[in-house]
Each structure stands twice: as structure tokens, then as C-alpha cells.
Amino acid sequence: MDWGLANRLNLIIRPETGRTVMLAVDHGYFQGPTTGLENPRATITPLLPYADTLMLTRGILRTSVDPSSGTPVVLRVSGGTSVLKELSNEGLATCMEEALRLNAVAVAHSIFVGGEGERESLLNLAKLVDEGQRYGMPVLAVTAVGREMARDARYLGLASRIAAELGANIVKTYYCDDFEKVVAGCPVPIVIAGGKKLAEYEAIKMAYNSIKHGAVGVDMGRNIFQCDAPVAMIRAVRAVVHEKKTAGQALALFEKLKNEGAK
Ligand code: 5RP
């Protein structure tokens, strides 16, 4: 593998554990000021020391993250839609040159398998992979789920495998029953999104189960930044991802940190 690409991947999936805790704060690119991200800088800054990478758009990176932050950036490059219209009609919203200029360690792109924009999103992913190969930039494919799509192993396995076939270096999908089948059918590392805010124990258990069934980590957003103690929550998630803690042990850590005042 190209040295630059391998180096960037190692900045995402930590070589010490073979795992990663990615923090996703890109929601505004189609949702606007998402709950918890109304003031991105205030939300992001305290979490940075605990995130292996930060996934976000160039606009929030430039305005809300200090360049002195050492946290590697995964740049969201697909976009062009809003919650008011058909979400699957995304296109490429940020070019590779910009990703290089912003010192990204990967670019993230959504695919909409089964959606109206399926073909366009898949061909754009393939184009991005070609460019990524040219510049040593890993591509993370997000298997975005349309309103009418079931989040089951059959569908997520299909979307994850297609992403890998088109050359994605990492796939981001959802945890589901029979998740090990999704992992078994996908020859590149998988990270999970957290989805809508759950009770803390449920979210921690989801992270634990996804690791147990073969994910290399999480790329979580709302279950961390919408929690009333986000720092305690990301540290609890790190405990299951990097430190082999059980969900119960991680919840105990969350409660302890929260009681000590960790925000
Ligand atoms: C949307 C994304 C988001 O970053 C991701 O799904 C958000 O994470 P979470 O679901 O944990 O809030 O990629 O397509």
C-alpha cells in the first residue's frame, strides 16, 4: 500500500489497539444547527483530546477548530442536499485538493443504496476512490439509510459490500442484529454510527457489541455530543473500544466521571 495512504489509515485506526473512536460532528451539512451542535466550537473543543479523529465539513473545521489541535480530520466531502428535499441526491461538495490543503487523513462520502440517488452516489464514490488512490487519501464510505430502508443485516451488508467493492478503505454503517454477517461480507474495516440519542447504557452496549462482532470502532456523534456529560460519554466509549472494558464497566466509568463533574 502507498506509504501516505497507510500512514493516514494508521492515524485513524490506532496501531496500538487496531481500533478507533471517531467523533462525528458533520450533521449540519444537511440538518443545519443540529441539537448539541448549535455552537460547534463549544461542543467540539472539550471532546478533542478523546477523539482519535474528528469527522466534519470544511466550514466547521475552518471556523470552529484551532489548527493547533492535534486531532486528525476526516473531511466530509459529499453534500448538496438538505432535510427539506431528497437526501440521496448528494454530490461531491469538496474537492481532493481542498482535503489535502486541510491536511485531512481521510475523506468521507455517503452512498444511498436503494435510494433515488443510488447511481450518482456510487459513481461519485468510485471517482473519489480514484482520486484518493492518486493522492494517498483514504476514503470512508458512509452507508446512509433512506427513510424507507430497513437497517438490517441484509441491507447494510449489501451497502457495505458495494462500498468496499468500489474501493472504499473504511465503511461506516449501523449496528444491527446479525452484525457479524455485515462484517464477514465486507473486506475492509467497519466503524459504526451511533444513530439517534439513546440512554447511555444502550449506546455503550451498542459500541461494545459492534466491537465484539467485528467492527474496528465507532464514528459516533449524537450519542456523545447530545449526552449531558459528553466528555464522560466519549471516555466510556473509549473504554470499550480501546481498553476491552465491558459495557457495565464503561457505564460505571461514565457515572463516576459524570459525578466528578466531567462535562
Ligand atoms: C450522516 C453521518 C453522520 O456523521 C453520522 O451518521 C452521525 O453519527 P451519529 O449517527 O452517531 O449521530 O455520517 O450521514
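Residues numbered from 1 in each chain as written. Predicted model: local features only at pLDDT ≥ 70, side-chain atom pairs only at ≥ 80, totals over all residues. Heavy atoms only, no water.

## Some details on the layout of surface pockets
- Counted as a void, the largest pocket has a volume near 700 Å³.
- Lining the largest pocket are 31 residues; nearest its centre among them are Phe30, Gln31, Arg151, Tyr174 and Arg222.
- Secondary-structure elements contributing two or more residues to the lining of the largest pocket are α2 (28-31), β7 (139-143), β8 (170-174) and β10 (217-220).
- Classifying every residue of the lining of the largest pocket by side-chain character gives 13 nonpolar, 9 polar and 9 charged.
- In this structure, the second largest pocket spans a volume of roughly 260 Å³.
- Along the walls of the second largest pocket sit 13 residues, with Leu61, Asp66, Pro67, Val73 and Leu102 positioned nearest its centre.
- Grouping the amino acids of the lining of the second largest pocket by side-chain chemistry returns 7 nonpolar, 4 polar and 2 charged. (1 Å grid on protein atoms, 1.4 Å probe; cavity = no way out; pocket = protein on both sides within 12 Å on 5 of 7 lines; lining within 4 Å. Points joined across faces, edges and corners; volume = space filled by probe spheres on them. Helix = DSSP H or I, 4+ residues; strand = E, 2+ residues; numbered from the N terminus. Nonpolar A, V, L, I, M, F, W, Y, C, P; charged D, E, K, R; others polar.)

## Some words on the side chain of Asn124
- Along the chain, Asn124 falls in helix α6 (residues 118-135).
- With residues up to four places along the chain from it excluded, the contact list for Asn124 reads Glu90, Gly91, Leu92 and His109. (Contact = heavy atoms within 4.5 Å.)

## Topic: the sheet that holds strand β3 (residues 73-76)
- Taken in spatial order, the 8 strands close into a barrel running β1-β2-β3-β6-β7-β8-β9-β10, and their pairing is parallel. Neighbour-to-neighbour, the strand axes of the sheet open up by a mean angle of 25 degrees, direction not taken into account.
- In the packing of helix α11 (residues 230-242) onto the sheet, contacts are made with β1 (20-24) and β10, and the angle to β1 comes to roughly 150 degrees. (Pairing = 2+ DSSP bridges. Axes fitted to C-alpha atoms, helices over the stretch in contact; angles between N-to-C directions.)

Read these as layout, nothing more, since geometry by itself doesn't imply function.
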